[in-house]
Amino acid sequence: QVTLHAGAELDARRVKQYTLTLWASCPGEDEVEERLFVWVMAGQVLRCDAPFASAGGDVVQVLADVAPRTPLYVVLPQPLGGLTVPTLLPLPVSLQFRLRNQDTPLVLTRQGLVLAPADGFNPSKDTQTFRLEIEVMDRHGHSCSGTVRVEVLPSRRPRVTFLEPQRAVMVPEGIGPLEVVTQVHASGDNVRYAILAPTAPTLFTIDEVTGEIRSTCQLEVAHARLLIRAYNALHPTDHATTMLNITVQGTGLRAPSCVPALSMSQVPETVSPGSTLVTLRCTDPTGANGSLHYALEGPPASRSRFCMEGPRLQVNTTLDYDSEAVAAVGFQFTATIVVTAGGQPPRSTHVPVLVMVTPVNEFTPVCPSGATFTVPETAAFGSTVGRVAGTDRDYPLDSLEYSLEGGPGPTQPFSIDTCTGEIRVVGPLDSQRHKSYRLTVRLTDTRNDLDPAKRRSCLCDVAVHLQAVPDQAPVCTPEVQELRIVARSGGRQPVTRLACQGSPDGAVLAYAIAGGNEDGRFQLEGNTLFYLPSDLAEPRTFVLLVEVWGGPGVPRRSTMVALVVHVTPRSTPVPPSTTTRRTTLRKEPLVVTRTEAAWHPPAWFVAVLTVSGALLLATLGCVARSLLCR
């Protein structure tokens, strides 16, 4: 018994053959020498190479601020030896990966990916090291193992920090809604802000990007403590907090108060200039209501379309929902009405205004000019005839639905796509019956009005002309073939292949045996004729008629091909004898039948014609006799 050494390792790339010389002897006999040849065949062996399989293992260095579950390493095997590289590629084979040590926050997936912890790494100032012992096994039971050491380096980016852990702010009472009270600022990257406490603030709100703190209503004397958190939007674990104490102080010079404190209006685009959107009711705490001044502030697009007439906010120009300028601002305008009271110092109140413009279906769809198309009569089912491109000036532009009046049918073998307006063929076309079709397409606009029921439509005339395509019968060369075959035993036997050409459009031809195959000895597949084996004892001649046609046209144009097949049975060998017998095979005559058109009248017609002829001859004889007698 020859076994492999325990420490041996075979490698077909280095040594493919080993020659072993064996000696064997028994007491009192001669020694026998033989050689044993051992061939080493290349196979799929899973092997982990360095540095993954080394004692120290492979090393990966990452920063502590990588996102949670970020791929850090992947094990990639190769045939005849494994290869481990820290790259992100799909695995070429089906493998199983198992983590031997569980004392690590890193995650090993079924695909061999090493991921960062679900909560990210601890943002420590020192280098952190994690060791993973990974075992790889393929479906054949081959396995290898290795080690990956992940070194987490301290983050190089700046931490999110507040300069002041606590801050006090004093603001006067009378500040209106959505006015900036103060602003907080934290250093770091991708900083965002949020109010932690109170969980549902009632007096203030914060802008998560700028850190501006605004009032939610008109402020009165009060005191509020806000716990504000600043965090990195890409790494939420990097955050800092600060405490903000806001005190609203009372003052004798209070700003005017207005009702409503916030104005929101929704108007149709057809609102006429001069219309009043809102009327403010403002009072001055000092009692001098006559000294209030109203002004409109905001973007230029808002100030050009609205104006103030005393306490009334009015429309200055038309609000066209279908224009690009209104679409650019999202069909809504923002502005601020500033109400100022006289005196020193001036006291003012700000009233935010939001005006939303709603669409009105003003225009009727327009049909395209010259909607005429031409399609060949041989167009297949689903072929595109053309596209009806209607237009509509309401926003969104050209938002139309298309429908065919009457629907598809035998008299109208077309359909139309409701979204694109494409006309397609859904029935047979025949230019001999219809030279052209006149279709009526309805165009209906959609999503052009706040009320979905308010829609406009129009009817468009579309002409579809059919282009006649000559339908020629297939041409086969030759039309008559005389063939001779010797019947063989076994499977079917090919006889001939018909050479036929159809229409210029390359339509597939169809073949069928029309006559002469009553006993089923022949079979036709495509254009190839096969002879089926049978117990034929004597030579026999078969006359087959094969019909060839192409296309589904009505009426069907076809060509007949005549095949005269002489089948001779395979001769059976006989024992040799001294007497030679000659056998002459009887040849069957080839009968060619020619059919000519003839007219065979009925018997009554022949009888009437005979009697009429006899009477005519008798009459002529009588006339001639009378003339001779005179």
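Residues numbered from 1 in each chain as written. Predicted model: local features only at pLDDT ≥ 70, side-chain atom pairs only at ≥ 80, totals over all residues. Heavy atoms only, no water.

If you look the protein up in an unreviewed UniProt entry, it shows as Cadherin-related family member 4 from Eudyptes filholi. Quoted straight from UniProt, the Subcellular location (unreviewed entry) entry for the protein says "Membrane". (UniProt positions renumbered as here; feature names shortened; annotations may be inferred.)

Asks: Give me the overall build of the protein: which residues, what numbers.
Replies: Of the regular secondary structure elements, the protein holds three helices and 44 strands. The buried share of the protein, reckoned over its 630 residues, is 34%. Accessible surface, the protein as shown: approximately 38900 Å² in total, 54% of it carbon and sulfur. (Helix = DSSP H or I, 4+ residues; strand = E, 2+ residues; numbered from the N terminus. Buried < 20%, exposed > 50% of the residue type's maximum accessible area, 1.4 Å probe, protein only. Areas by Shrake-Rupley, 256 points an atom, 1.4 Å probe, with all protein chains shown as cover.)

Asks: Give me the UniProt feature "transmembrane region" (unreviewed entry) in the protein: which residues, what numbers.
Replies: Feature annotation in UniProt assigns "transmembrane region" (unreviewed entry) to the following positions: residues 603–628. With 100% helix and 0% strand, residues 603–628 has end C-alpha atoms that lie 38 Å from one another.

Asks: Can you lay out the state of the cysteines for me, pointing to particular residues and giving the numbers?
Replies: Applying the stated rule across the entire model yields three disulfides. With a sulfur-sulfur separation of 2.1 Å, cysteine 258 is cross-linked through a disulfide to cysteine 282. Torsion about the S-S bond of the cysteine 258 and cysteine 282 cystine: about 110 degrees, corresponding to right-handed handedness. Of this pair, cysteine 258 sits in strand 20 (residues 257–259) while cysteine 282 sits in strand 23 (residues 281–283), placing them 24 residues apart in sequence. Relative accessible area serves as the criterion here: at 7%, cysteine 258 is assigned to the buried category. Paired through a disulfide, cysteine 476 and cysteine 500 show a sulfur-sulfur distance of 2.0 Å. Here the S-S torsion is close to 110 degrees, and the disulfide linking cysteine 476 with cysteine 500 is therefore right-handed. Note that cysteine 476 is positioned in strand 36 (residues 475–476) and cysteine 500 in strand 39 (residues 500–501), a separation of 24 residues in sequence. An identical accessibility class is assigned to cysteine 476 and cysteine 500; each is buried. Cysteine 458 takes part in no disulfide bond, and the closest cysteine sulfur, belonging to cysteine 367, lies 3.6 Å away. (Disulfide = S-S within 2.5 Å.)

Asks: Account for a nonpolar patch on the surface, naming residues and giving values.
Replies: A cluster of nonpolar side chains, contributed by Val2, Leu4, Leu10, Val15, Tyr18, Leu22, Leu36 and Val38, occupies part of the molecular surface with about 630 Å² of accessible area. Sorting the residues of the nonpolar patch by element identifies strand 1 (17–24) and strand 2 (32–39) as the ones contributing at least two each. Considering the arrangement of structural elements, one finds valine 2 in the segment before strand 1. (Patch = residues over 30% accessible without salt bridge, like charges linked within 9 Å, V, L, I, M, F, W, Y side chains within 5 Å. Salt bridge = Lys/Arg side-chain N within 4 Å of Asp/Glu carboxyl O.)

Asks: Describe the sheet that holds strand 16 (residues 204–206), listing the residues and the values that go with them.
Replies: Strand pairs in the sheet, formed through backbone hydrogen bonds, run parallel or antiparallel to each other. Ordered in space as 13-17-16, the three strands form an open sheet in which the pairing is antiparallel. Of all strands in the sheet, those bounded by a partner on one side alone are strand 13 (180–183) and strand 16. Here the average twist between neighbouring strands, direction ignored, is 25 degrees. (Pairing = 2+ DSSP bridges. Axes fitted to C-alpha atoms, helices over the stretch in contact; angles between N-to-C directions.)

Asks: Tell me about the pattern of salt bridges, and please be specific about residues and values.
Replies: Following the criterion strictly, the structure yields 15 salt bridges and no others. Its salt-bridge partner being glutamate 212, residue arginine 214 comes within 3.1 Å of it at the nearest N-O pair. Residue arginine 433 pairs with aspartate 430 through a salt bridge whose shortest N-O separation is 3.9 Å. The exposed category is assigned to arginine 433, whose relative accessible area is 68%.

Asks: Give me the confidence of the model for the protein: which residues, what numbers.
Replies: Taken as a whole, the protein shows an average pLDDT of 84; of its residues, 89% reach a score of 70 or greater. This stretch, residues 78–92, has a pLDDT under 50; its non-local contacts, to residues over four places away or in other chains, come to 47 contacts. Across residues 572–587, confidence stays below pLDDT 50; counting only partners more than four residues off in sequence or on other chains, it has two contacts. (pLDDT = per-residue confidence, 0-100. Contact = heavy atoms within 4.5 Å.)

Asks: Account for helix 3 (residues 603–629), with residues named and values stated.
Replies: End to end, helix 3 covers 40 Å across 27 residues, agreeing with the expected 39 Å (1.5 Å per residue, within 8%). Burial analysis of helix 3 places just zero of its 27 residues in the buried class, which makes it a mostly uncovered element. (Expected span 1.5 Å × (residues − 1).)

Asks: Outline the nonpolar core, supporting the account with residue identities and numerical values.
Replies: Residues Tyr294, Phe306, Leu313, Ile337 and Val339 are the most contacted members of the largest nonpolar core, which totals 27 residues. Among the secondary structure elements, those contributing two or more residues to this core are strand 22 (276–279), strand 24 (293–297), strand 25 (306–309), strand 26 (312–315), strand 27 (332–341) and strand 28 (347–358). No other element matches the five residues that strand 27 contributes to this core. Sequence-distant contacts of phenylalanine 306, that is, excluding residues within four places in its chain, are made with Leu277, Leu296, Leu313, Gln314, Val315, Asn316, Leu319, Phe333 and Val355. (Core = buried A, V, L, I, M, F, W, Y, C linked by side-chain atoms within 4.5 Å.)

Asks: Now, about unusual backbone geometry: what can you tell me, with residues and values included?
Replies: For the bond from tyrosine 395 to proline 396, the omega torsion is -5 degrees, close enough to zero to count as cis. The topology assignment puts proline 396 in the loop between strand 30 (384–387) and strand 31 (400–404). Across the junction of threonine 477 and proline 478, the peptide omega takes the value -10 degrees, indicating a cis bond. Inspection of the secondary structure puts proline 478 in the loop between strand 36 and strand 37 (480–486). For arginine 69, which is not glycine, the phi dihedral falls at a positive 60 degrees. Within the secondary structure, arginine 69 is located in the loop between strand 3 (58–63) and strand 4 (71–78). With a relative accessible area of 45%, arginine 69 lands in the partly exposed category.

Asks: Lay out the sheet that holds strand 24 in plain terms, naming residues and giving numbers.
Replies: One open sheet accounts for four strands, arranged 21-28-27-24; its pairing is mixed. Unpaired on one side and paired on the other, strand 21 (263–268) and strand 24 mark the two borders of the sheet. With direction set aside, neighbouring strand axes in the sheet form an average angle of 25 degrees. Of the pairings in the sheet, the one linking strand 21 to strand 28 comprises six bridges and is parallel in character. Counterpart to glutamine 266 in the pairing with strand 28 is methionine 356.

Asks: Residue-level account of the environment of glycine 141, with values.
Replies: Looking at the secondary structure, you find glycine 141 in the loop between strand 9 (128–138) and strand 10 (143–153). Separated by 46 residues in the primary sequence, glycine 141 and leucine 95 have C-alpha atoms spaced 9.9 Å apart.

Asks: Describe the pairing of strand 31, with residues and values.
Replies: Burial along strand 31 is one-sided: the face carrying Leu400, Tyr402 and Leu404 is buried and the face carrying Glu401 and Ser403 is not. Inspection of the sheet shows strand 31 paired to strand 34 (residues 436–445) by five bridges, in the antiparallel sense. Directly across from serine 403, in strand 34, lies its bridge partner arginine 442.

Asks: How would you explain the side chain of arginine 521 if you had to name every residue and give the values?
Replies: Tracing the sequence through the fold places arginine 521 in the loop between strand 40 (509–515) and strand 41 (522–525). In this structure arginine 521 comes out as buried when scored by relative accessible area, which is 16%. Looking at arginine 521, its side chain comes within polar contact range of the side chain of aspartate 519, at 2.6 Å. With sequence-adjacent residues up to four places away left out, arginine 521 is seen in contact with Phe530, Tyr531, Leu532, Ser534, Leu536, Arg540 and Phe542. (Polar contact = N/O pair within 3.5 Å; in protein donor to acceptor, adjacent residues only side chain to side chain.)

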